[in-house]
Amino acid sequence: MAIREEESRKRRKMDADGLASFFREIAALHPAEQLTFLCIGTDRSTGDALGPLTGSRLLEYGFPHVTGTLPAPCDADNLIRRIAEIPEGQIIIAVDACLGPPAALGYYFAAAEPLRPAQSVGLLLPAVGNYSLAAIVDVNSPRPYRTLQTTPLHRVIVMADQIARAAAQSFGLPG
């Protein structure tokens, strides 16, 4: 997914501290058992590894329903099948790495609406999620695949940890 300036107006831009309020709003409406985190990405690209890294951390914190982890990523090749495996009635929080404008690097865009995975690399996949969280891991460029391949792994790991920690704290899970 790529965050463009016009799209970002529909989403709330936040830093790591803002993640807790986003997840607290969700926790006030839905218990953790009713949620499925759909963590989109692949472990074959540093920038796109945010999803599987986040999913693995969410499992470590004790969230019961997570799709997309390091051992079993949810990527462009299997996204539709993995969505079909989510039980009906689950509230989906879609998490994905994104490219964005330079001023958004390291920030998050959250919304109570779906996101479109793989936009930044030109793929047309279905919009997913009742809620969505887009992590801006690097800057938009004319060569998005290369940008995602060369995104600093440290930035991605830090952002994945921030997401999982904020979610766990907001839902009262031990950390």
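See the structure printed just above.
All figures in this text were calculated on a predicted structure; none of them were measured in a lab. (Residues numbered from 1 in each chain as written. Predicted model: local features only at pLDDT ≥ 70, side-chain atom pairs only at ≥ 80, totals over all residues. Heavy atoms only, no water.)

**Here we look at the pattern of salt bridges**
Part 1: Taken as a whole, this structure holds six salt bridges when the rule is applied.
Part 2: With a shortest N-O distance of 2.9 Å, D161 and R57 are connected by a salt bridge. Within this pair, whereas D161 is found in helix 6 (residues 153-170), its partner R57 is found in helix 3 (residues 50-61), the two being separated by 104 residues in sequence.
Part 3: Note on R57: relative accessible area 24%, which makes it partly exposed.
Part 4: A salt bridge links R81 to E85; its shortest N-O distance comes to 3.0 Å.
Part 5: Of the residues examined, E85 reaches a relative accessible area of 47% and is grouped as partly exposed.
Part 6: Each of R57, E60 and D161 takes part in one network of salt bridges that share partners. (Salt bridge = Lys/Arg side-chain N within 4 Å of Asp/Glu carboxyl O. Helix = DSSP H or I, 4+ residues; strand = E, 2+ residues; numbered from the N terminus. Buried < 20%, exposed > 50% of the residue type's maximum accessible area, 1.4 Å probe, protein only.)

**Observations regarding the packing of helix 3 against helix 6**
Part 1: With their axes 8 Å apart at the nearest point, helix 3 and helix 6 run at an angle of 35° to one another. As for how helix 3 packs across helix 6, the hand of that crossing is right-handed. The segment helix 3 lies against helix 6, with L50, L53, T54, R57, L58 and Y61 engaging V156, I157, M159, A160, D161, I163, A164, R165, A167 and A168.
Part 2: The residue inventory of the contact of helix 3 with helix 6, partitioned by class, reads 12 nonpolar, one polar and three charged. (Axes fitted to C-alpha atoms, helices over the stretch in contact; angles between N-to-C directions. Left-handed = near helix turned anticlockwise from the far one by under 90°. Contact = heavy atoms within 4.5 Å. Nonpolar A, V, L, I, M, F, W, Y, C, P; charged D, E, K, R; others polar.)

**Observations concerning the nonpolar core**
Part 1: Of all hydrophobic cores here, the largest spans 37 residues; its most connected members are F23, F37, L50, F63, L133 and I163.
Part 2: Those elements that place two or more of their residues in this core are helix 2 (16-29), strand 2 (35-40), helix 3, strand 4 (91-100), strand 5 (108-111), strand 6 (131-139) and helix 6.
Part 3: No other element matches the eight residues that helix 6 contributes to this core.
Part 4: The next biggest cluster of nonpolar side chains, apart from the first, holds 11 residues, and it includes I86, I92, A94 and A118. (Core = buried A, V, L, I, M, F, W, Y, C linked by side-chain atoms within 4.5 Å.)

**Some details on helix 3**
Part 1: Between its terminal C-alpha atoms helix 3 stretches 16 Å, which fits the 16 Å expected from 12 residues at 1.5 Å a residue.
Part 2: Restricting attention to buried positions, one finds in helix 3 the residues L50, G51, P52, L53, T54, G55, S56, L58 and Y61.
Part 3: Residue G62 follows helix 3 closely and has a positive phi angle near 105°. (Expected span 1.5 Å × (residues − 1).)

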